[in-house]
Amino acid sequence: QVQLQESGPGLVKSSQTLSLTCTVSGGSITTNYYYWNWIRQPPGKGLEWIGYIRDSGSTEYSPSLESRTSISRDTSKNQFTLQLSSVTPEDTAVYYCARVGASSTYYRLGGGMDYWGKGTLVTVSS
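Just so we're clear, the structure is a prediction, and the values are computed from it rather than from any experiment.

Reading the values: the criteria
All residue numbers here refer to positions counted from 1 along the written sequence of the relevant chain. Note on the predicted model: pLDDT of at least 70 is required for a residue's local features to be given, and 80 or more for side-chain atom pairs to be given and counted; whole-chain, interface and lining totals, by contrast, use all residues. To obtain the side-chain values, all non-hydrogen atoms of the structure were included, while hydrogens and water were left out. For this document, the term salt bridge refers to a Lys or Arg side-chain nitrogen within 4 Å of an Asp or Glu carboxyl oxygen. A run of H or I in DSSP becomes a helix once it reaches four residues, and a run of E becomes a strand once it reaches two; helices and strands are each numbered from the N terminus. For the exposure calls, accessible area comes from a 1.4 Å probe over protein chains only, and a residue counts as buried if that area is under 20% of its type's maximum, exposed if over 50%, partly exposed in between.

### Observations regarding the pattern of salt bridges
What the rule picks out here adds up to six salt bridges. Among the salt bridges present, the one from Asp 91 reaches Arg 40, with a minimum N-O distance of 2.8 Å. On the criterion of sequence distance, the pair formed by Asp 91 in the loop between strand 8 (79-84) and strand 9 (93-101) and Arg 40 in strand 4 (residues 34-41) is long-range, its members being 51 residues apart. Arg 40 shares its class with Asp 91; the two are buried. In this structure, the salt-bridge partner of Arg 54 is Asp 55, at a minimum N-O distance of 2.8 Å. Here Arg 54 falls in the partly exposed class, since its relative accessible area comes to 26%.

### Quick notes on unusual backbone geometry
For Tyr 33, which is not glycine, the phi torsion reads 75 degrees and is therefore positive. By the element assignment, Tyr 33 lies in the loop between strand 3 (18-25) and strand 4. Unlike most non-glycine residues, Ser 86 shows phi in positive territory, near 50 degrees. Note that Ser 86 resides in the loop between strand 8 and strand 9.

Next comes the structure, spelled out in structure tokens:
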């Protein structure tokens, strides 16, 4: 069974960079036809897809966040990371990592994910 676990600081100051790591077990992040995503949910709001890094290492980001987002990976550790720069309190959310298969057409809406991490709350202070 694939398991994902988010880790990183729970409190970040405004204007700084949010950095999170997703550690994957039970499956390789280089396995063909799977994409590894970051999704967030602000308090009282719905899921927002941030972006992914796919099996090949290529990335795709939400247009609304692309200018501030970088997703990378360390295949030797079976980990992928999220960096979100210039954060504001509006970036406060529960951040999830999740896997989606290449056949999904709804990932940009946060749909189609077959495995999720438990999520980690990141609060951005003023």
